[in-house]
Amino acid sequence: MNGEEDNIHPAFFAFVEKALASEFEGGPVELIKVASRADFVHPHTGHYFTFRLPFSGKCVDWELLFDPENPARPPDFLCVEDINCDPEIYCQTVQFWDSGQSDCLIELLHQLKQIYKIYQVSQIMTFSKSAEIYQSLVNAGVTEENIEACYLPEERKFNFLIKLNTSNEGLPKAKELGSSLFYAGLLYSLGMDGKILTHSLIISPYLGHILGSFLEQLHLTFSASQTVDVNVLHEFNATLDRVLNKIRQKHRRGREIVSALLGLYPSNVVFYDEDLYSQVTLLFKWDNARYVAHLESLELEGETKLCLFAIDCPVKTSKDENVPYTETETVTLMHKPSSPGFSKHLYKTLSSKIRLFINRAKKHVSST
């Protein structure tokens with residue numbers, strides 16, 4: 001909250017806190033100012049808030065004016081850009097305000113963003129080139145709901161943010177990230193002649209986390225023509241869908257491998273990645289010595305990185321430090337996890353690797 005949280009009036013703190021924790025397509029919501037009727041804001045008295053909302057690659061600021069003497073009353077609001085909200089729009093926007101609902105401020109911010117979107121469409125339509133581009137997108141099947149367009153007068157350019165049609169079905173969760181918004185869009189900045197000045201991929205933190213190393217590949221495949229081309233949009237959307245399908249398959253394979261290991265070694269699995277199922281760690285004990293097997297990068301093609309550590313078999317490094325004897329190799333799991341013989345194959349492969357490793361570790365230590 002940029003250090004402003006101490007200034008928020010208690011009647012509005014829960015609203016504001018929940019709004020800032022919410023996720024908006026295109027970027028985060030920010031609280032950039034807390035004020036009150038007085039010139040100086042005393043702690044816990046602020047009831048005028050300025051929120052910064054993401055829109056089409058830029059930000060728009062809205063002032064919300066609450067009444068501390070009647071906190072249940074919906075706030076007055078004003079767009080800093082002065083977009084001339086008439087009284088009818090105000091009445092329509094606040095008619096669903098319910099201070100008994102903790103997410104009422106979130107809903108209001110979404111409605112304010114929609115008001116700004118309608119205003120910007122009217123601005124776009126006053127310029128022949130931008131109006132032509134907007135209409136061509138709609139005619140090609142891109143819904144108006146998926147288009148954020150705006151005119152930036154100081155820079156003499158237009159921004160078009162076009163949401164891609166993708167699905168998060170079957171994708172891994174990201175509990176530790178604390179983010180679940182699934183969003184991808186292509187942002188174009190256009191000159192007054194309609195030609196592309198810059199283009200970029202806008203994605204939510206969750207999707208960026210899920211894509212991982214695939215993200216760089218996507219950036220490389222995103223090429224734009226001189227103008228906004230619907231065919232380019234469709235091609236990139238198809239590429240993203242293919243990448244997400246690979247991630248789904250990899251996630252499903254990893255989950256099946258982890259499930260098999262939990263069944264084979266229920267008392268030996270000490271850790272596994274509950275979100276991506278990309279790694280699992282097992283601890284074994286033989287002759288009072290401890291050995292760790294760590295599998296990661298459970299790849300779709302069947303190649304898995306296997307790291308083995310003999311914790312009680314120390315070796316000296318060049319810096320004269322004692323570290324566990326370690327080996328790393330790539331294991332190819334020939335059977336598909338869904339096949340009936342996979343568990344037997346996995347058990348045989350891993351047990352053999354561990355036995356051979358233990359023998360080598362003991363020999364290495366005894367020879368030093």
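Read on for a plain summary of the structure.

**A short note on the overall build of the chain**
Tallying secondary structure elements over the chain gives 8 helices and 13 strands in all. Against the compact-globule benchmark of 21 Å for 368 residues, the chain has a radius of gyration of 28 Å, which places it well outside the compact range. Dimensions of the chain, computed from the C-alpha atoms along their principal axes, are close to 85 × 55 × 45 Å. Out of the 368 residues in the chain, the part that is buried amounts to 43%.

**A few points about the sheet that holds strand β3 (residues 58–65)**
Taken in spatial order, the 4 strands make up an open sheet running β1-β2-β3-β4, and their pairing is antiparallel. This sheet does not close on itself; its edge strands, each paired only once, are β1 (30–35) and β4 (76–79). Averaged over all pairs of adjacent strands, the angle between their axes in this sheet comes to 25 degrees, without regard to strand direction. Here β1 runs beside strand β2 (residues 48–55); their pairing, made up of 5 bridges, is antiparallel. The residue bridging E30 from the neighbouring strand is R52, located in β2. Contacts from helix α1 (residues 10–21) reach β1 and β2 within the one sheet, and its direction differs from that of β2 by about 15 degrees.

**Looking at the packing of aromatic side chains**
The geometry of two aromatic rings is summed up by the distance between their centres and the angle between their planes. Under the counting rule described, the total for this entry stands at 20 aromatic pairs. Their ring planes at 65 degrees and their centres at 5.4 Å tell us that F127 and F158 sit as a pair that is edge-to-face. Remark: F158 occurs in strand β6 (residues 157–163) and F127 occurs in the loop between α3 (104–124) and α4 (128–139); sequence separation between them is 31 residues. Members of the aromatic cluster, joined through ring pairs, are Y265, F284, W286, Y291, Y325, Y347 and F357.

**What about α1?**
Given a rise of 1.5 Å per residue, 12 residues ought to cover 16 Å, and the 17 Å separating the end C-alpha atoms of α1 matches this to within 8%. Where the residues of α1 are buried, they touch β1, β2 and α3.

**Points about the state of the cysteines**
Going through the model one piece at a time under the given rule, you end up with 0 disulfides. C307 forms no disulfide, and the closest cysteine sulfur to it belongs to C313, at a distance of 17 Å. Accessibility expressed as a relative area gives 8% for C307, which makes it buried.

**Considering unusual backbone geometry**
Even without a glycine there, the phi angle at D287 is positive, about 50 degrees. By secondary structure assignment, the location of D287 is in the loop between β10 (279–286) and β11 (289–296). Positive phi, normally seen in glycine, also occurs at N288, with a value near 65 degrees.

**Side note on the environment of A184**
Within the fold, A184 resides in strand β7 (residues 184–191). The exposure class of A184 is buried, given its relative accessible area of 2%. Separated by 134 residues in the primary sequence, A184 and T50 place their C-alpha atoms 27 Å from one another. With residues up to four places along the chain from it excluded, the contact list for A184 reads I162, K163, L164, I202, I203, L207 and L240.

**Side note on the side chain of S130**
Within the secondary structure, S130 is located in helix α4. On the basis of relative accessible area, S130 is assigned to the buried category, the value being 1%. Within the local environment of S130, its side chain forms a polar contact with the backbone oxygen of F127, the two atoms lying 3.2 Å apart.

**Brief notes about the sheet that holds β11**
Spatial ordering of the open sheet is given by β9-β10-β11-β12-β13, a layout of 5 strands whose pairing is antiparallel. If you trace the sheet from one side to the other, it starts and ends with β9 (269–272) and β13 (322–332), each paired once. Ignoring strand direction, the axes of neighbouring strands in this sheet form an average angle of 20 degrees. Where β11 and strand β12 (residues 303–316) come together, 6 bridges link them in antiparallel fashion. Residue pairing across strands places E296 opposite K305, the latter belonging to β12. Those strands touched by helix α7 (residues 230–264) are β9 and β10, and its axis lies near 165 degrees from that of β9.

The rules we used
Residues numbered from 1 in each chain as written. Predicted model: local features only at pLDDT ≥ 70, side-chain atom pairs only at ≥ 80, totals over all residues. Heavy atoms only, no water. Helix = DSSP H or I, 4+ residues; strand = E, 2+ residues; numbered from the N terminus. Rg over C-alpha atoms; globule rule 2.2 N^0.38 Å. Buried < 20%, exposed > 50% of the residue type's maximum accessible area, 1.4 Å probe, protein only. Pairing = 2+ DSSP bridges. Axes fitted to C-alpha atoms, helices over the stretch in contact; angles between N-to-C directions. Contact = heavy atoms within 4.5 Å. Phe/Tyr/Trp six-rings, centres within 6.5 Å; stacked < 30°, edge-to-face > 60°. Expected span 1.5 Å × (residues − 1). Disulfide = S-S within 2.5 Å. Polar contact = N/O pair within 3.5 Å; in protein donor to acceptor, adjacent residues only side chain to side chain.

In short, shape yes, function no, at least from these values alone.
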